[in-house]
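The chain contents come next:
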Amino acid sequence: MRDHGLLVGDGVFESVRITAGQAFAVGRHLARLGRSAAALGLELPRTGELREAVSAVLAATGIVEGRLRITATSGPGGFSSARSRGPATVVVAAEESPPWSPHVAVITVPWPRNERGAVAGVKTISYAENVLALQRAHAAGAGEAVFANTRGELCEGTGTNVFLVLEDDLLTPPLSSGCLAGVTRDLALEITDAREETVPLAALAGAREAFLTSTTRNVHPISAVDGVPLAECPGPATSGARQAFADLMAQTLDP
C-alpha cells in the first residue's frame, strides 16, 4: 500500500450522481476532474477512456440510484511528500445511496478555508478537515458544517455549496471566496436568477431562506443555522431552484 494518495493525500476525485442507472452531468464532472488534476500536475487517461470506465462500472453494478466516484492519485510513491515518477492510479467505483432528508440543519465552524492556499478550489482527496467539521456538525445534531474563509466571508460546506436569500436576492459566494466550483452550483447559477456575491459568514443565519447544493443533494433546503431556524424552509427561491433542477434532469442527463 504505497500509493501516494493513501500516504499523503496526493490525488483528486469526482463524485457523480447515478440516476435511472446513468451518470448525471458526467461531462462536467470529467472536465472538473481534469482541471483539478492539472492543478496538482497529474496526468490522467484520455476522457474517452474515463467515460468507458464509468459505463463499465455502471453496467457491472447495475445501480439505479446512487453515486459513482472517480479517484485519481499520483500512483506509487514513498513515505515523504516527494512525488515519484510514474503513471497515475485511477479507480472508478459506485455505491447505492439513500435519499437525503427533506431539509437539513447546519452549523458554522471556527476553522477557516484558506482562499489563497495552493489547492483552494481544487477537489483533492485530502478531506481530513471536512471529516472533523462534519463530526462536529453531527455531534450538534446538524447535517452539515459551513466554513468561512480567512476574511470571515461565507465560503462553503464540507461537501456542498451554499445559496441564501438576502433582501429578495438569491446569492452564492464567488469562487474568489475559496469555495469549490461545484457542478450543481454551476447548474443552479445557470437555471435560476442567483448571482455570485461576497457576504459575511454571519449573513447565513440572517437569511430568509437558504439551501445547499451538491452532486447527491441537488437542492437541499436549510432549516436552521447554529440552532436558529430560518424564516422559510423551503422558501420560494429554494422551491423554484429545486423544481428547475428536476426539470433539467428530466430533459437531459449530460447538461
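None of the values given here were measured: they were computed from a predicted structure. (Residues numbered from 1 in each chain as written. Predicted model: local features only at pLDDT ≥ 70, side-chain atom pairs only at ≥ 80, totals over all residues. Heavy atoms only, no water.)

## Focus on the environment of Glu 144
In this fold, Glu 144 is placed in strand S6 (residues 144-148). Along the sequence, Glu 144 and Ile 222 sit 78 residues apart, while their C-alpha atoms lie 9.5 Å from each other. The residues touching Glu 144, leaving out its near neighbours within four places in the chain, are Val 104, Ala 105, Val 106, Ile 107, Leu 134, Ala 137, Gly 157, Thr 158, Gly 159, Thr 160, Leu 212 and Arg 217. Among the polar contacts listed, one links the side chain of Glu 144 to the side chain of Thr 160, at a separation of 2.8 Å. (Helix = DSSP H or I, 4+ residues; strand = E, 2+ residues; numbered from the N terminus. Contact = heavy atoms within 4.5 Å. Polar contact = N/O pair within 3.5 Å; in protein donor to acceptor, adjacent residues only side chain to side chain.)

## Focus: the sheet that holds strand S3 (residues 66-73)
As summarised here, the arrangement of the four strands in space is S2-S1-S3-S4, forming an open sheet in which the pairing is antiparallel. The two strands at the open ends of the sheet, each matched to only one other strand, are strand S2 (22-23) and strand S4 (89-96). In this structure, S3 lies alongside S4, joined through eight bridges in antiparallel fashion. The residue bridging Leu 68 from the neighbouring strand is Ala 94, located in S4. (Pairing = 2+ DSSP bridges.)

## A few points about unusual backbone geometry
Cis geometry is found at the peptide bond from Cys 233 to Pro 234, where omega equals -5°. Within the secondary structure layout, Pro 234 lies in the loop between strand S13 (228-229) and helix H6 (236-251). Backbone geometry at Ala 25 places phi at a positive 55°, although glycine is not the residue there. Note that Ala 25 resides in the loop between S2 and helix H2 (26-40).

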